[in-house]
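# Understanding the architecture of this molecule
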Amino acid sequence: METSERSTAPYPNIPPVIETHDSEYNDTGIPSTVAIVGHPLHPAIVLFPIAFLVGVLGSDLGFWLTNDPFWARASVWLLIVGLVGGVAAAITGFLDFFKIKRVRDRSAGWIHMACNVVVMVLSLVSLLLRRGDPVAPIIPWGLAISAVVATLLGISGWFGGELSFRHKIGVIGKSREHHS
């Protein structure tokens, strides 16, 4: 049984679907290609679109429970600001994805990116459905889409954490491998 790659990592019982490599655990990491004074921008700016897009679920639930159109309008604004912030986060994430080989070599990188692309597309669809009348599409489609988006953001965040914490991508330090 070839488990030497997984034998000395601090969590030897992690599921086999989560990639772990001792060389990466002991590595000092790969800095982000989009950083200011070594501080990666992607993890800093993703917080806002995540908060706004998850907030859409909250405001959709608020409308569903109260039937107050304030919540429907709030959802539209949260979608707009979440999408604008999501584009900025996507640009920094795509640059790291395409410039850092370790990101492309790990399933976590692909899953993280795929979830975020689906989140952006679904959020745009949700915004377009609400155009003209922010109230009518909330039940059932707006609420369903916002629940899927919030769930996908949780999954995407987990895999983004895998990239940072397990694979040491976007950290301040010098790796033995280069970005290529």
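Treat the numbers as computed from the prediction; the structure is a model and nothing was measured.

On the surface, a nonpolar cluster with roughly 680 Å² of combined accessible area is contributed by Phe94, Phe98, Val117, Val121, Val125, Leu129 and Trp141. Of all the secondary-structure elements, those providing two or more residues to the nonpolar patch are helix H4 (69–99) and helix H6 (107–130). Considering each element in turn, the nonpolar patch owes the most residues, four residues, to H6. One can find Val125 in helix H6. With relative accessibility at 38%, the residue Val125 sits in the partly exposed group.

What follows deals with the confidence of the model for the chain. The pLDDT averaged across the chain works out to 87; a share of 83% of its residues lies at or above 70. Element-level mean pLDDT values for the chain span from 68 in helix H1 (residues 22–26) up to 98 in helix H3 (residues 47–66). In the model, residues 1–8 has pLDDT below 50 throughout and makes 13 contacts with residues more than four positions away in sequence or in other chains.

Attention shifts here to the pattern of salt bridges. Evaluation of the coordinates by the stated rule reveals three salt bridges. Arg130 serves as the salt-bridge partner of Asp60, at 2.7 Å between the closest nitrogen and oxygen. Linking Asp60 in helix H3 with Arg130 in helix H6, this pair joins segments that are 70 residues apart in sequence. When sorted by exposure, Asp60 lands in the same class as Arg130, which is buried. With a shortest N-O distance of 2.6 Å, Glu162 and Arg166 are connected by a salt bridge. Linking Glu162 with Arg166, this pair stays in helix H7 (residues 141–166), spanning four residues, or about one helical turn. For Glu162, a relative accessible area of 7% gives the class buried. Residue classification places Arg166 among the buried positions, given a relative accessible area of 18%.

Glancing now at H3. Along its 20 residues, H3 runs 28 Å from first to last C-alpha, staying within 8% of the 28 Å computed at 1.5 Å per residue. Within H3 the residues assigned to the buried category are Pro49, Leu53, Val56, Leu57, Ser59, Asp60, Gly62 and Phe63. Where the residues of H3 are buried, they touch helix H2 (42–45), H4, H6 and H7.

Rules used in this analysis
Residues numbered from 1 in each chain as written. Predicted model: local features only at pLDDT ≥ 70, side-chain atom pairs only at ≥ 80, totals over all residues. Heavy atoms only, no water. Patch = residues over 30% accessible without salt bridge, like charges linked within 9 Å, V, L, I, M, F, W, Y side chains within 5 Å. Areas by Shrake-Rupley, 256 points an atom, 1.4 Å probe, with all protein chains shown as cover. Salt bridge = Lys/Arg side-chain N within 4 Å of Asp/Glu carboxyl O. Helix = DSSP H or I, 4+ residues; strand = E, 2+ residues; numbered from the N terminus. Buried < 20%, exposed > 50% of the residue type's maximum accessible area, 1.4 Å probe, protein only. pLDDT = per-residue confidence, 0-100. Contact = heavy atoms within 4.5 Å. Expected span 1.5 Å × (residues − 1).

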